[in-house]
Amino acid sequence: GDQWGAELRYFTPYRGNSQWGFSLTAREEDYEPSNAPADKWERYGFRGVYYVENGNTRTGFGVLAEHLRIDGRDEDSVGPYLHLAHNALDNVLYPTRGYSVTADVWSPKLETVLSRTEFQAYLPWQEDWRVVLRGGVETGDNSNPAHRAYLGDQEELYSLADHPLQGEQAVWAQLGVGHTLMKTWWGRINAEVFGTWGAVYEDWSRTAEGWETGVSFSIPGQFFNGRLLVVYDQSGEFTFGFSLGDPVWWNSPMP
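(A) How the structure looks around the environment of E192. Assignment of secondary structure puts E192 in strand β12 (residues 187–202). Taking C-alpha positions, E192 is 17 Å from G98, a pair spaced 94 residues apart along the chain. Among all residues touching E192, those that are not within four sequence positions of it are V132, R134, Q174, G176, V177, G178, G214, V215 and S216. A polar contact of 2.9 Å, which involves the side chain of E192, links it to the side chain of R134.

Below, the structure written as structure tokens:
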């Protein structure tokens, strides 16, 4: 509720297995990292991508342009953009087996490479139990605050959400054990015990890290999607929280 943001997206109808996608984004970003000074900027972006689908795989090639207002100056960047996604989960809302991988890559001005890659895997274990693996890698550019990697800004670690770790690269991994507590006509109630570790790097030399463990109770859904959390982190503190709905995560460090 502290920053504003808006996004407009349009996709053309499919022709065979392909389509065009366009998006306009505008938002304010305000970061208070735990390991670096606070920073703030406005970011505007345009993306035009040609998507091709082949079974569970979706590939996109296109261009991404950005306008930044930061530290009293304006800065423009444009460059090629690549999107790769493979989804082999058995269910989008209630996955119990399978895996998915998503990667977004952008090269502004062809001078550097920004990327974000995420994966998740579900392994069935007895009836209504599953082992869950999640993680990802983010590569940024230290010369521009808006293009740096921030660990925790997209709840990779819940305990770092307010004050993420800043670096040039970020890596995180999570191991969880989930169980379906109840099945009803309006959805399911799931419980999951998890542990997460993450770190940020400068030129792939580790500069800071964090970990947490906790339990979550969730009601996945297309509209409601509620979650209750209890987290214990490396500082020795417990955090209690809840969320309703699906946040619109940007493809940070990209616009």
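(B) Quick look at the side chain of E212. Tracing the backbone shows E212 in strand β13 (residues 205–219). For the buried E212, which has no salt bridge, the nearest side chain bearing the opposite charge is R227, at an N-O separation of 9.2 Å. A polar contact of 2.9 Å, which involves the side chain of E212, links it to the backbone nitrogen of Y158. At 2.7 Å, the side chain of E212 forms a polar contact with the side chain of S159. In contact with E212, other than residues within four places in its own chain, are L157, Y158, S159, F194, G195, T196, V231, Y232 and D233.

(C) Highlighting the pattern of salt bridges. Summed over all chains, the structure comprises 14 salt bridges. With a shortest N-O distance of 3.4 Å, R116 and E118 are connected by a salt bridge. We classify R116 as buried; its relative accessible area is 4%. Sharing partners across several salt bridges, the network here consists of R27, E29, R43 and E66.

(D) Quick look at the nonpolar core. Counting residues in each nonpolar core, the largest one holds nine residues, listed as A149, L151, L157, L160, L165, A170, W172, V200 and A208. Going through the elements one at a time, β9 (149–151) and β11 (169–184) are the ones with two or more residues in this core. In this structure, L160 is in contact with L151, G152 and L165, ignoring residues within four places of it in sequence. Residues V49, L64, Y81 and W106 belong to the second largest nonpolar core, which totals seven residues.

(E) Quick peek at the environment of S107. Among the structural elements, S107 can be located in the loop between β6 (98–106) and β7 (114–124). Residue S107 is classed as buried on the basis of its relative accessible area of 13%. For the pair S107 and V63, spaced 44 residues apart in sequence, the C-alpha to C-alpha distance is 9.4 Å. The contacts of S107, once residues within four sequence positions are left out, are V78, G79, P80, T112 and V113. Within polar-contact distance, the side chain of S107 engages the backbone oxygen of T112 at 2.8 Å.

(F) Layout of the pairing of strand β4 (residues 57–70). When strand β3 (residues 39–54) meets β4, the two strands line up antiparallel, connected through 14 bridges. Note that in β4 the partner of G45 across the bridge is E66. Following β3, the chain reverses through two residues before pairing antiparallel with β4; G55 in that reversal takes a positive phi of roughly 65°. As paired strands, β4 and strand β5 (residues 73–87) are joined by 14 bridges and run antiparallel to one another. When the bridges of β5 are listed, R69 appears paired with D74. Counting the residues in the hairpin turn of β4 and β5 gives two residues, including D71, whose phi is positive at 55°.

Conventions and cut-offs
- Residues numbered from 1 in each chain as written.
- Predicted model: local features only at pLDDT ≥ 70, side-chain atom pairs only at ≥ 80, totals over all residues.
- Heavy atoms only, no water.
- Helix = DSSP H or I, 4+ residues; strand = E, 2+ residues; numbered from the N terminus.
- Contact = heavy atoms within 4.5 Å.
- Polar contact = N/O pair within 3.5 Å; in protein donor to acceptor, adjacent residues only side chain to side chain.
- Buried < 20%, exposed > 50% of the residue type's maximum accessible area, 1.4 Å probe, protein only.
- Lys, Arg positive; Asp, Glu negative; His and termini not counted.
- Salt bridge = Lys/Arg side-chain N within 4 Å of Asp/Glu carboxyl O.
- Core = buried A, V, L, I, M, F, W, Y, C linked by side-chain atoms within 4.5 Å.
- Pairing = 2+ DSSP bridges.

That is the geometry; function is a separate question.
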